[in-house]
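# Survey of secondary and tertiary structure
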Amino acid sequence: MSDFKTQHEAWQQKAEKAASRFPERREEFKTSSETISVNRLYTPEDVSGDYMEKLGFPGEYPYTRGVQPTMYRSRFWTMRQYSGFGSAVETNQRFKYLLEQGQTGLSTAFDLPTQIGYDSDDMMAKGEVGKVGVAISSLKDMETLLDGIALDKVSTSMTINAPASVLLAMYIAVAEKSGVSADKISGTIQNDILKEYVARGTYIYPPAASMRLITDIFEYCAEHVPNWNTISISGYHIREAGSTAVQEVAFTLANGIAYVDAAAKKGLDIDKFAPRLSFFFNAHNNFLEEVAKFRAARRIWARIMKERFGAKDPKSWQLRFHTQTGGSTLTAQQPDNNIVRVTIQALAAVLGGTQSLHTNSKDEALALPTEESARIALRTQQIIANESGVADTIDPLAGSFYIESLTDEIERQALEYIAKIDEMGGAVQAIEQGYMQREIQAASYQTQMDIESGDQVVVGVNKFRIENEPKPELMKINPELERIQSASLAELRQTRDNAAVEAALKALRQAAEGSDNLMPHIVSAVKVYATLGEICNVMRDVFGEYTPAQW
Amino acid sequence: MSQHKIRVLVAKPGLDGHDRGALVVAKALRDAGMEVIYSGLRQTPQQIVATAIQEDVDVIGLSSLSGAHMHLFPEVVRLLKEQGADDVLVVGGGVIPDEDIPALKEAGIAEVFTPGTALADTAEFIRANVQKRG
C-alpha cells in the first residue's frame, strides 16, 4: 500500500473518532444543490482524468480555465450595472452618473409594459409604467435615453426578450442618426424567450413564432451588426425562480442547444452565428459551488459546440458570460448585510472567469436602488478588481481538489439533465410539458422549507435578528410618469408621418405572414416612429399570444 | 364550525412575472389544508375579481414585486365591493416598502406580508381572519 493510502486511512479513523467526541454540525453536508454531498476532506484521489483533456490552458479548448489567454491581467471584466427607472430623461442621467463613476458598459432595465410590447398608454400598462425600468414606447424615447452617449465607444446591454427585435432596431436607428453605422455598435440583447416561458414571464408570442424572431435576429446581425451579441442565454432567472446551481447550468445549456438547433434548421452556418451567442448566469452564496459551476458550464458548452454541432471556429466553442449577483439571496432585514453577500457572490463570479458583472445594491429586496446604494455596489467590484489581487493570475482556484471534484460533479449532473431533456425532444418540448418549471418549483419549495425549519440559516431573517430596525431611505418613482408618457405619445401620434407609419406596418404584416426576415421591416417601422406597441400588435395579430398551461 | 375548507385564490395582478413567492405560498396553503387556485400571470384586477366570485373563494392573496401594488391591490378591493363580494378577505405580499402598508390597509388590504415572512404566519393569519361562511 502506498504511503498516501496508509496515512489517509489512518487519518480517516482519527477523524471519525474526533467526530464521535465532537459531533459534526450536520450528519450530511450539501452544497446549495440538494443532490451534491460535500465530503469532510478532498485529496488527490478525488480528482481524476487528464489535465489537458479536462482543464487545458486559458483561451484553449475546453476553456475550463477561461476563454481568454490573459484574462484579467490585460483588462478587468466589464463592470456593467443594470439600471433604468422612470422616464428616459431620468435613466439617461443615471447612465451618465455611472459612466462618470468608472462604470465601463451600460445595461438597460426596461419597465414591464416595454418588456411585454405595450405602449405606456395601453390599458395593460396601468400602474406599471416606469416601475422596474425605463419606459420606452418609441424611437423618440430611445433618442432621449441615449442622448449624449457615444455609441461607438460604449457597449450597451438591453434586458429585452419578446420585443428584442424592436428595441435593437431603435438602437440601430439612434446610432445611425448620430453618425455611427450599425457595424460600429456593440452590445447585447437578452432575446432569450425560452427562459421567459420557464421563469421570468415576459413572453408575448407562442414558441414557434418567438424562435423565428430570434433566428431572424441572428441572421440579420451576422450581416449588418457583427459586433452585437444577439442573445444572452440566461440561467439567471431560472436560479432566481428557485432552481439549484446544477439546474441553472443544465436548463440554460439545454435552451442554448435549442437555439442552435433552430438556427441550423433555418440553414444558418453555425460558425457565422455561434460566436455571437453569450450567456448570463447568477452568483449565489455557496462560494465554491458557484466558482465550480462557471467552470463546468464553460467545459460542457465547448464540448457541445465542438462535438455535438461540429462547430469549427474556436470562437463558437467559447462560453462567454455576464454574471449578476443573486437578487433572491438579499434580505429586507438588516439590508447593510447584503453588501457582504454581494461581495462573496461577486468574488465567485470573478474567480469563475466572468466577462462582465453586475453587483446588486443592498436595498433591492425593498425597492429600486438609490444613487448611493448603486454606487456602493459598483465600488464593491472596483475593490475586488483593484485591491484584492484575485485578478492577477488566471483561474487561481484550479487544482484545488474540492473545486475540481465539484466542477466534475456539476458537469456530470447537468449532463444527466440535458440527456433527459434531449429524450423529451429538446428544451422547447420540455418547457411546453412543464418539466423545467416543475423541477424548479420543487427545488424552490424545498429551499423555503429548509429556511422555515431553520435548517438553512439566513442571517437576519431566521437567526441573528434585531427588533425595531431603522428604516432605510428608498427610491420612489414619479407617479405622474404614466400621465406624462401618455401625453407625449398622443403628441407623437399627431406629429409623425402617419401614412409612412401605416405603410411600414403593412409591410411588416406581410412579412410576418410570409417567411421574410422581419428585422429590416422592423427597422423601417421604428425609423418612421411607429411605436413599440403598434409593431408588437401587428405581430400579435399574425402570431397570436402565448398562454401557459398551469401546473 | 362547519367542515368548509378555506378557499384561496392566489393571484398575480399586473405584468409582473416573478411567481416564485406566489407559487410557494400557494403550495404552503394547500399543505396547510386549504383549497388553493392559482391565477397564473398577468391578471387584471377585473379578471381576478371575476375568478374570485366564480370560484366562490374566501380569500384572495395578491402578489406583486414590480412596484405596481399601490394601483393594483386597492383596485381589486374596490371591484369586490362594487360587486357585493366584500366579505372576501384580501391579503397581499411582495416587494412592498413599509411606508406603503398603512395606505394599503386603509384601502382594505387586511394584511401585507413582506419578504422574510414565515409561511406558517400567513396561514395562521388567514385562518384567524377569514369570514366564516355558511
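How each quantity is defined
- Residues numbered from 1 in each chain as written.
- Chains lettered and ligands numbered in written order.
- Predicted model: local features only at pLDDT ≥ 70, side-chain atom pairs only at ≥ 80, totals over all residues.
- Axes fitted to C-alpha atoms, helices over the stretch in contact; angles between N-to-C directions.
- Helix = DSSP H or I, 4+ residues; strand = E, 2+ residues; numbered from the N terminus.
- Parallel < 35°, antiparallel > 145°, perpendicular 65-115°, else oblique.
- Left-handed = near helix turned anticlockwise from the far one by under 90°.
- Contact = placed C-beta atoms within 7 Å.
- Nonpolar A, V, L, I, M, F, W, Y, C, P; charged D, E, K, R; others polar.
- Pairing = 2+ DSSP bridges.
- Core = buried A, V, L, I, M, F, W, Y, C linked by C-beta atoms within 7 Å.
- Buried ≥ 20, exposed ≤ 12 C-beta atoms within 10 Å, placed from the backbone.
- Domains from an automatic or database assignment.

Turning next to the packing of helix α20 (residues 498-513) of chain A against helix α21 (residues 519-527) of chain A. All names here are of chain A. Packing of α20 against α21 leaves a shortest axis separation of 9 Å and a crossing angle of 165°. Put simply, α20 runs roughly antiparallel to α21. The handedness of the crossing between α20 and α21 is left-handed. Residues Ala504, Leu505, Ala507, Leu508 and Ala511 of α20 form the contact with α21, whose participating residues are His521, Ile522, Ser524 and Ala525. For the contact of α20 with α21, the per-class residue count stands at seven nonpolar, two polar and no charged.

Contacts between chain A and chain B engage 31 residues on the former and 25 residues on the latter. With five residues, the single largest contributor to the side of chain A that touches chain B is helix α18 (residues 435-453) of chain A. Here the side of chain A that touches chain B is composed, by residue class, of 15 nonpolar, 10 polar and six charged.

Here we come to the sheet that holds strand β7 (residues 186-189) of chain A. All names here are of chain A. Strands sit in the order β4-β5-β6-β7-β8 across an open sheet of five strands; the sheet is parallel. Of all the strands in the sheet, just β4 (82-83) and β8 (228-229) have a single pairing partner and so form its edges. Here β4 pairs with strand β5 (residues 106-108) via two bridges, running parallel. Residue pairing for β5: Tyr82 is matched across the bridge by Ser107.

Another aspect to go through is the nonpolar core. Note on soluble globular proteins: their nonpolar side chains tend to be buried together. By size, the foremost hydrophobic cluster in this structure holds 187 residues, and its most contacted members are Leu253 of chain A together with Ile60 of chain B. With 13 residues, helix α10 (residues 245-265) of chain A is the single largest residue contributor to this core. Of the domains in this structure, domain 1 (48-69 + 159-453) and domain 2 (481-543) of chain A are the two that each give at least three residues to this core. Residue contacts for Ile60 of chain B: discarding those within four places in its chain leaves Leu9, Ala11, Ile48, Ala52, Val76, Val88 and Val90 of chain B.

With that out of the way, let us pick up the domain arrangement of chain A. Residue and element names in this part refer to chain A. Looking at the assigned domains, one finds that chain A contains domain 1 (48-69 + 159-453) and domain 2 (481-543). Using only C-alpha atoms to locate each centre, domain 1 and domain 2 end up separated by 31 Å. In this assembly, 16 residues from domain 1 lie in contact with 13 residues from domain 2. Its residues assigned to classes, the side of domain 1 that touches domain 2 comprises 13 nonpolar, one polar and two charged.

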